[in-house]
Amino acid sequence: MSQNIEMSTMPAAQNAPDRVQPETNFTDGSGQIFSFYLEKAEKDDDKMAESWKGDADGILVFTGLFSATVAGFLGISLQSLTQSSQDTSAFYIARLYQSSVSENSNASVPLPPLPDPSSFSPSASAIWVNVLWFLSLIISLTCALLATLLQRWARQYLRLTRPAYAPHKRARIRSYLKEGVDKFYLPSVVEALPGLLHASVFLFFVGLSVFLLGINSIVFNATLSCISVSAGLYLFASLVPLFLHDSPFHTPLSTMLWSCDVGFQRVAFSIFNWFYEPPPPPPWAIQSFILTLDEDHEIERLVAAIPGFYRSTAIKGSSQVLVGHSISVTELGDTIVEFMRRSLSSDMIPEDTAMRRSALCVKAFEAGNLVPSRGTLMRYLSDEIYSNRKWINYGVLASILTDNTDDKHVAGEAQYITARFTASIGRSDERWFPVMMRQFGVTEDTLQRYISHGDSLLLANLLYFVHRSLFVSPRSIKRTDLASVTGLRSILVEDTLPELQQQLCGVWNDVVGLARKKSNHSSDSNFRESHDRRVASFGALAFMHTLFVSLHPELGPHVPYSADAAP
C-alpha cells in the first residue's frame, strides 16, 4: 500500500551527493538492483575463471614433465614385452654352428640350451609394469587435454555472460549459464582433474615398485620405503580435514570423501522424508545473491535499488523475484530493519549517513510491502530513541507497518511505536506531521488545532492507541504503555477540543462493551484472543477512568461500566 509520507533526512544529507543511487542510463527501475547483482556476479565469475585457469596451467606444466618421465621409463619397460634381438641372433647362430660341426664330424657337439624365439612369453611382472605405466601416461595426457579445454570453457563462459544487453537481460543470461555450470557439475570436474593426475602418479609408483622387484632387492626396498612415506603423508592430508575442519591440508581425495559422507547423510534422511516433502522449486539466482550480502555498504545498495525494482516494467512478477523460496518477505524485512538499526545506533556512522540510510529503508518497505518479524521490530528499543530525532524514520517505518501488514502482532507493536513517537516529538518536529495526519485521519488544519489546543494531541494519541490495540490489531495493554503514549503526564481533558471529548466518550463506551462481553467456550474458536482483549480492556478502563470522570463529575468517582455515557 503506497503511503504519502515524506521521509525525513537531515539537511546535510539532502545537500550531499547521492553515493548510493548514481546516475545511470537505465530507463527501467530494475536496472540498479540488476547492475548490483551483475557487479557481484562478475567478481565471482572472475574469481572462478581465474581459479580454473590457474588449475589448468598447473596441470599442463606438471603433465608435461611427468609424461616425459613416464615415457622414458616406458621406453625401457617395453623391451621386456618382446624377444630380445640379441637372444634371437644367439639362438640362430648356435643352431648354425651346431649344423656345421655335425656335417664335418660324425659326433654331435653339445650346446647350452637357448630359448626358442617362437615360444617367447613376457613375464607377469613385465606385463603389470607396462599396464600400470601406460595407464599413468594415458591419464596424465587426458588431464592435459581437459586442462586445455577448461581454459577454453572459462574464456567462453566469461564472454557469453557479458553481452551488451540491458541489465535485466544480462542477469537472466548469467543466471541461466551459471545454472548450467552447476547442473553439469563443472566445478566438480575441475576438482577431479588434480585427483586424476594424482592417481596417475600413484599408478607410476606402483609400476616402479614392480619393475624394481625383480632387479635388485636393495633398490626395491629403498624405493618402496619412499613411496610408502609419500602415500602415508598424502592419506594424512586427505583425512585430516574430515575430522579437523580448521586444517589447512586438503587433497582432491578429501573432497571426494566429504561428498560421500554428506551424500550418505542425505540418502539416509531422504529415506524417511521423500514420501512427504516434494522437491522445492528452483530459486531465482537473485535470492541466493541477497543471502550472500553481509557488508553494510552492500545492503545499502540493495535497499536503495528495491523501490525501482518493484516499479520495473521489464520484470514480470517482481514480488516473486526478490523473495520466495530462498528468502522470505520476513527475512528480507528483518535484514533491512537490522541494517537500519545498526546505522542509527552506531556512533561510528555520521548522522547524515544514518539518516540517509534510514530513509532508504523506509522507501524499500513502502515499495515492497515488506514485513519484519515482531521480535526484530521491537529488539533493543529503549525509551531514549523516541525523543531522539535521529530515529524519526524508524517511527515512519512503524507507521507504514500499522496498515501495511496482515500480521496483527507486528501491526500491534508498530502502532505502539508510532504512538510513542507522537507523544515524544509530535509537537516539536514538523517532519512527523504527515505521520500524525495519517495516524489520526485528519487534515493539516485539524492537526494544528490539536497541537495548539492544550492536551488535545496527547488525548488523540491515547484514543488512537487504545482503539487500535483493542479493535484493529489486538495487543496487550499495560499501564506503562498507556502512560508512555500520553507523554508520561496527566492529561487535562477539560482543556481539549470538544470533538476529542466526544471521541473519548465513544471509545469509553466501546471498551465498556468489550469488557462486558463474554466468550462462549463451546462456539468461540478465538476464545483465547477474546479473553486477552477483555483483560486489556479492563486495563484501558482503569487508566481512562480519571479522564472520563473529569468529563462527568456528576457521576462521582465510582463510574459504572455504562454504555450510555455521553457528554
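To be clear, the structure that these remarks concern was listed above.
Along each chain, residues carry numbers from 1 onward, in the same order as the chain's sequence is written. Owing to the predicted nature of the model, reporting of local features is limited to residues with pLDDT of at least 70; listing and counting of side-chain atom pairs is limited to 80 or more, with chain, interface and lining totals taken over all residues. Where side-chain values are given, they derive from all heavy atoms of the structure, hydrogens and water being excluded.

### Some thoughts on the packing of helix 2 (residues 31-77) against helix 5 (residues 167-183)
Just so we agree on the cut-off: Axis definition: a line fit to C-alpha positions, over the contact stretch in the case of helices; interaxial angles, taken between N-to-C directions, run 0 to 180 degrees. For the purposes of this entry, the term helix denotes a DSSP run of H or I that reaches at least four residues, the term strand denotes a run of E that reaches at least two, and both are numbered from the N terminus. Crossing handedness is read from the near helix: turned anticlockwise from the far helix by less than a right angle, it gives a left-handed crossing, and turned clockwise, a right-handed one. Residues are treated as being in contact if the distance between any of their heavy atoms lies within 4.5 Å. Put simply, Ala, Val, Leu, Ile, Met, Phe, Trp, Tyr, Cys and Pro go in the nonpolar bin, Asp, Glu, Lys and Arg in the charged bin, and everything else, Gly too, in the polar bin.
One can describe the packing of helix 2 onto helix 5 by two numbers: an axis separation of 9 Å at closest approach and a directional angle of 35°. Considering the relative orientation of helix 2 and helix 5, their crossing is left-handed. Note on element contacts: helix 5 touches helix 2 through Pro-167, His-168, Arg-170, Ala-171, Arg-174, Ser-175, Lys-178 and Val-181, opposite Gly-31, Phe-34, Ser-35, Tyr-37, Leu-38, Ala-41, Glu-42, Asp-45, Met-48 and Trp-52. In terms of residue class, the contact of helix 2 with helix 5 is made up of nine nonpolar, four polar and five charged.

### Description of the packing of helix 15 (residues 392-404) against helix 16 (residues 408-425)
Defined as follows: For this classification, under 35 degrees means roughly parallel, over 145 means roughly antiparallel, 65 to 115 means roughly perpendicular, and everything else is oblique.
One can describe the packing of helix 15 onto helix 16 by two numbers: an axis separation of 8 Å at closest approach and a directional angle of 135°. The orientation of helix 15 relative to helix 16 falls into the category oblique. Regarding helix 15 and helix 16, the two cross each other, and that crossing is left-handed. Between helix 15 and helix 16, the contacting residues are Ile-392, Tyr-394, Gly-395, Ala-398, Ser-399, Leu-401 and Thr-402 on the first element and Val-410, Ala-411, Ala-414, Gln-415, Ile-417, Thr-418, Phe-421 and Ile-425 on the second. Tallied by class, the residues present in the contact of helix 15 with helix 16 amount to 10 nonpolar, five polar and no charged.

### A few points about a nonpolar patch on the surface
We count it as follows: Nonpolar side chains (Val, Leu, Ile, Met, Phe, Trp, Tyr) are joined into patches within 5 Å and like charges within 9 Å, using only residues with over 30% relative accessible area and no salt bridge. Working definition of accessibility: Shrake-Rupley area with a 1.4 Å probe, residue cover restricted to the visible protein chains. Here a salt bridge means any side-chain nitrogen of Lys or Arg lying within 4 Å of a carboxyl oxygen belonging to Asp or Glu.
On the surface, Ile-127, Trp-128, Val-131 and Leu-135 cluster together into a nonpolar patch covering about 380 Å² of accessible area. Mapped onto the elements, Trp-128 comes out in helix 4 (residues 124-160).

### A look at the nonpolar core
To keep it simple, the criterion reads: By nonpolar core we mean a set of buried residues, namely Ala, Val, Leu, Ile, Met, Phe, Trp, Tyr and Cys, connected to one another through side-chain atoms within 4.5 Å. Using a 1.4 Å probe on the protein chains alone, a residue whose accessible area is under 20% of its type maximum counts as buried, one over 50% counts as exposed, and one in between counts as partly exposed.
The biggest cluster of nonpolar side chains holds 104 residues, and the ones touching the most others in it are Leu-322, Ile-336, Tyr-394, Phe-440 and Val-466. With 10 residues, helix 19 (residues 456-472) is the single largest residue contributor to this core. Sequence-distant contacts of Phe-440, defined by excluding residues within four places in its chain, comprise Thr-422, Leu-447, Tyr-450, Leu-457, Ala-460, Asn-461 and Tyr-464. Listed in part, the 16 residues of the second largest apolar core include Ala-49, Ala-56, Ile-59 and Ala-154.

### Notes on helix 17 (residues 433-440)
Spacing of three or four residues puts side chains on the same side of an α-helix, whose turn is 3.6 residues. The following threshold applies: Directions pointing from the helix axis toward each C-beta atom define the arc.
For helix 17, every residue scored as buried is listed here: Phe-433, Val-435, Met-436, Gln-439 and Phe-440. Each buried residue of helix 17 sits inside an arc of 155° when the element is viewed along its axis, so together they form one side. Those residues of helix 17 hidden inside the fold are in contact with helix 15, helix 16, helix 18 (444-452) and helix 19. Of the residues one or two after helix 17, Gly-441 is the one with positive phi, at around 70°.

### Notes on the side chain of Ser-136
As for its position among the elements, Ser-136 is in helix 4. Setting aside residues up to four positions removed in sequence, Ser-136 forms contacts with Phe-66, Val-70, Ser-200, Val-201, Leu-203 and Phe-204.

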